[in-house]
Protein chains: 2
Amino acid sequence: MPDDLLQTSATLQPGQLLARGVCRHLRAMNFVCVEELVPVRGLRVDVMALGPKGEVWVVECKSSRADFQSDHKWQGYLEWCDRFFWAVDGDFPTDLLPNETGLILADAYDAEIVRMGPENKLAAARRKVMVQKFARTAAMRLQALRDPTAGFGAGFG
Amino acid sequence: MPDDLLQTSATLQPGQLLARGVCRHLRAMNFVCVEELVPVRGLRVDVMALGPKGEVWVVECKSSRADFQSDHKWQGYLEWCDRFFWAVDGDFPTDLLPNETGLILADAYDAEIVRMGPENKLAAARRKVMVQKFARTAAMRLQALRDPTAGFGAGFG
């Protein structure tokens, strides 16, 4: 089984542990999640969440001040979602984060939405593209896990 | 890890082995697949495939004449897809199958489209519902596999 598809605390990076907690919380809100989704070449979002009414949220997970400050692409994510959030742990200096974004406090086990990201609704055509991309990414990875001997890539490449 | 999510020849039923071969072949055609998807309460399709342009195909896998003859619901699947196919193995009496449907010859390892199912394009609103259902089902199962300790169901219930 491809190791990069299985989540264990030993193999996950700090940002991936936050993502796991975020996905658990969003799942409890009836959102489903895919991690490390590529909306367009050159961009990779940490978590894309799809809500029960087709809502598209993006969550970027930052494990430290340096991790945040080295991200020069985040504004490029805004146009691919209805709402954008940062996910950070309790030690993160949240004053650094721009006000007009959502904020999630997370650890490896759970998360909490502290500030809802403002809504900027996707146009219908782009929402369609994103939901389809989400569907394809999730299904490819699921197949790679369920049927590993078929030799398909896991889509994390 | 939930056993019903992992595919091994030892645990799969004959129809599920055909589905595995079908999904492998469709993946090579750049379609992604989800098995046992429920488009609406009371219906469960063996394979739903999503194409690169958003095409929605349904494949019903029949391991024997009795398996086919006991299916009284298949015409209900037609309204949920652009194209409908049967998947059967080389021993199946294909004369039994209605002409106006697609035909795939499959085994546990691969498959081949023998007759393309006629196209009846979904209305846009229904396609949207189906793609979103596909996305949610795939992502829930992926999360259940990747993060089993979170205790979410696998969506096969």
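Residues numbered from 1 in each chain as written. Chains lettered and ligands numbered in written order. Predicted model: local features only at pLDDT ≥ 70, side-chain atom pairs only at ≥ 80, totals over all residues. Heavy atoms only, no water.

(A) Molecular detail of the relation of the copies chain A and chain B. The two copies are related by a screw motion: chain A maps onto chain B through a turn of 180° and a shift of 0.0 Å along the axis, at an RMSD of 0.0 Å. Classification of the inter-copy transformation places it as that of a two-fold axis. Among all residues of chain A, the one whose C-alpha sits closest to the rotation axis is Ala 135 of chain A, at a distance of 2.0 Å. The residues that chain A uses at the interface reappear at the interface of chain B in 100% of cases, marking a shared surface. (Least-squares fit on C-alpha atoms with pLDDT ≥ 70 in both. Contact = heavy atoms within 4.5 Å.)

(B) The interface of chain A and chain B, seen in detail. Taken together, the contact pairs 38 residues of chain A with 38 residues of chain B. Each partner contributes to the roughly 3,300 Å² buried at the junction of chain A and chain B, and carbon and sulfur atoms together form 57% of this total. Of the charged contacts, one joins Glu 35 of chain B and Arg 146 of chain A as a salt bridge, the two residues approaching to 3.2 Å between their closest N and O atoms. Applying the counting rule to chain A against chain B returns 12 residue pairs in polar contact (both at pLDDT 80 or more). Per-element accounting of the side of chain A that touches chain B gives the leading share, 13 residues, to helix H3 (residues 124–146) of chain A. Of the residues contributing to the side of chain A that touches chain B, the split by class is 21 nonpolar, 7 polar and 10 charged. (Buried area = accessible area lost by both parts, 1.4 Å probe. Salt bridge = Lys/Arg side-chain N within 4 Å of Asp/Glu carboxyl O. Polar contact = N/O pair within 3.5 Å; in protein donor to acceptor, adjacent residues only side chain to side chain. Helix = DSSP H or I, 4+ residues; strand = E, 2+ residues; numbered from the N terminus. Nonpolar A, V, L, I, M, F, W, Y, C, P; charged D, E, K, R; others polar.)

(C) Structural detail: the pairing of strand E5 (residues 102–106) of chain B. All names here are of chain B. Within E5, 4 of the 5 residues are buried, which leaves the element mostly enclosed by the surrounding structure. Where E5 and strand E6 (residues 111–115) come together, 4 bridges link them in antiparallel fashion. The residue bridging Leu 105 from the neighbouring strand is Glu 112, located in E6. Here E5 hands over to E6 after 4 residues, the two strands then running antiparallel side by side. (Buried < 20%, exposed > 50% of the residue type's maximum accessible area, 1.4 Å probe, protein only. Pairing = 2+ DSSP bridges.)

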